[in-house]
Amino acid sequence: VSLVTSGAILIDGLLGSTGGSVTVGDATDPTATITLDVGGSTITTVGGDITLHGDAVLAQDTTISTGAGGGDVTITGLTDASAPGGSSLTVASGTGDTDLGKIGSVASLSALTLTGDDITLDGIGTLGAQGVTGLTDVTATGTLTLGGTNYHGASQSYDATGGFVATSDLVF
């Protein structure tokens, strides 16, 4: 499944693939905004990759899953709630990897749960402002790479069986 446009994309409910990958947005237009809305949005595959090119705005609680076998999950832009503290994000990439840009740097999420093999984050919140108002729970069966500087949240738990990598000094 591939949704490509030069404008905004609204996902209103379930988007999935049982035999392949899901790509939303245009890799050549990183300024696009993808809004996930209405009663909770779910994007799923059965082992396929999920890629959101651009900023993701969560209007409701959102789940992104590639299944137990795993595919990779990538969000190339910012991930924010549509209103501060208003929506949660759960990403389950099974044996696949997760690579996310900054979380909650414009409008904080209510909760963040990430599970997968190698997980890469580019920061949570900003200096002095929480990016997640509730629990941040990150569990990597491989390596957890923390890019960026700021990791501001109310309650945070990070676990990585394969170890941690920090690409700069970190502020929690």
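Residues numbered from 1 in each chain as written. Predicted model: local features only at pLDDT ≥ 70, side-chain atom pairs only at ≥ 80, totals over all residues. Heavy atoms only, no water.

A. The arrangement of the overall build of the protein in detail. Tallying secondary structure elements over the protein gives 0 helices and 17 strands in all. Looking at the protein as a whole, 44% of its 172 residues qualify as buried. Long-range contacts, defined as pairs at least 24 residues apart, comprise 43% of the intrachain contacts of the protein with a sequence gap of at least 6. A total accessible area of about 7,000 Å² is found for the protein, and carbon and sulfur atoms account for 52% of it. (Helix = DSSP H or I, 4+ residues; strand = E, 2+ residues; numbered from the N terminus. Buried < 20%, exposed > 50% of the residue type's maximum accessible area, 1.4 Å probe, protein only. Contact = heavy atoms within 4.5 Å. Areas by Shrake-Rupley, 256 points an atom, 1.4 Å probe, with all protein chains shown as cover.)

B. Representation of a negative patch on the surface in the model. The grouping of D49, D72, D99 and D122 at the surface amounts to a negative patch. Checked against the element boundaries, D99 lands in strand 11 (residues 98–100). (Patch = residues over 30% accessible without salt bridge, like charges linked within 9 Å, V, L, I, M, F, W, Y side chains within 5 Å. Salt bridge = Lys/Arg side-chain N within 4 Å of Asp/Glu carboxyl O. Lys, Arg positive; Asp, Glu negative; His and termini not counted. Charge placed at Lys NZ, Arg CZ, Asp CG, Glu CD.)

C. Local environment of the pairing of strand 14 (residues 132–140). Direction of pairing for strand 12 (residues 111–116) relative to strand 14: parallel, over a ladder of 5 bridges. When the bridges of strand 14 are listed, T113 appears paired with D137. The sheet contact formed by strand 14 and strand 16 (residues 153–160) spans 7 bridges and is parallel. Within the sheet, the bridge partner assigned to V138 lies in strand 16 and is Y158. (Pairing = 2+ DSSP bridges.)

D. Here's a closer look at the confidence of the model for the protein. Averaged over every residue, the pLDDT of the protein is 84; residues scoring 70 or more account for 76%. In the model, residues 1–8 has pLDDT below 50 throughout and makes 18 contacts with residues more than four positions away in sequence or in other chains. (pLDDT = per-residue confidence, 0-100.)

E. Region of interest: the packing of aromatic side chains. Summed over all chains, the structure comprises 3 aromatic pairs. With a centroid separation of 6.5 Å and 85° between ring planes, the pair formed by Y151 and Y158 is classed as edge-to-face. Per residue, the accessibility class of Y151 equals that of Y158, and both read buried. Judged by centre distance (6.0 Å) and plane angle (65°), the rings of Y158 and F172 are edge-to-face. Of the two residues, Y158 sits in strand 16 while F172 sits in the segment after strand 17 (164–166), which places them 14 residues apart along the sequence. Through pairs of rings, three or more aromatic residues link up here, namely Y151, Y158 and F172. (Phe/Tyr/Trp six-rings, centres within 6.5 Å; stacked < 30°, edge-to-face > 60°.)

F. Just the nonpolar core, in detail. Core analysis: the biggest nonpolar cluster contains 27 residues, and I64 and L121 have the highest contact counts within it. The biggest single contributor to this core is strand 14, with 3 residues. (Core = buried A, V, L, I, M, F, W, Y, C linked by side-chain atoms within 4.5 Å.)

G. A look at the environment of A83. Checked against the element boundaries, A83 lands in the loop between strand 9 (79–81) and strand 10 (88–92). Separated by 25 residues in the primary sequence, A83 and S108 have C-alpha atoms spaced 7.6 Å apart. Residue contacts for A83: discarding those within four places in its chain leaves A107 and S108.

H. Fine view of the pairing of strand 6 (residues 55–58). Residues A56 and L58 point to one face of strand 6 and are all buried, whereas D55 and V57, pointing to the other face, are not buried. As judged from the 3 bridges shared by strand 6 and strand 9, these two strands associate in the parallel manner. In the sheet register, V57 faces strand 9, and the bridge partner there is D80.

I. Broad picture of the side chain of T66. For T66, the position within the fold is in the loop between strand 7 (62–65) and strand 8 (73–75). Only 3.3 Å separates the side chain of T66 from the backbone oxygen of S93, close enough to count as a polar contact. (Polar contact = N/O pair within 3.5 Å; in protein donor to acceptor, adjacent residues only side chain to side chain.)

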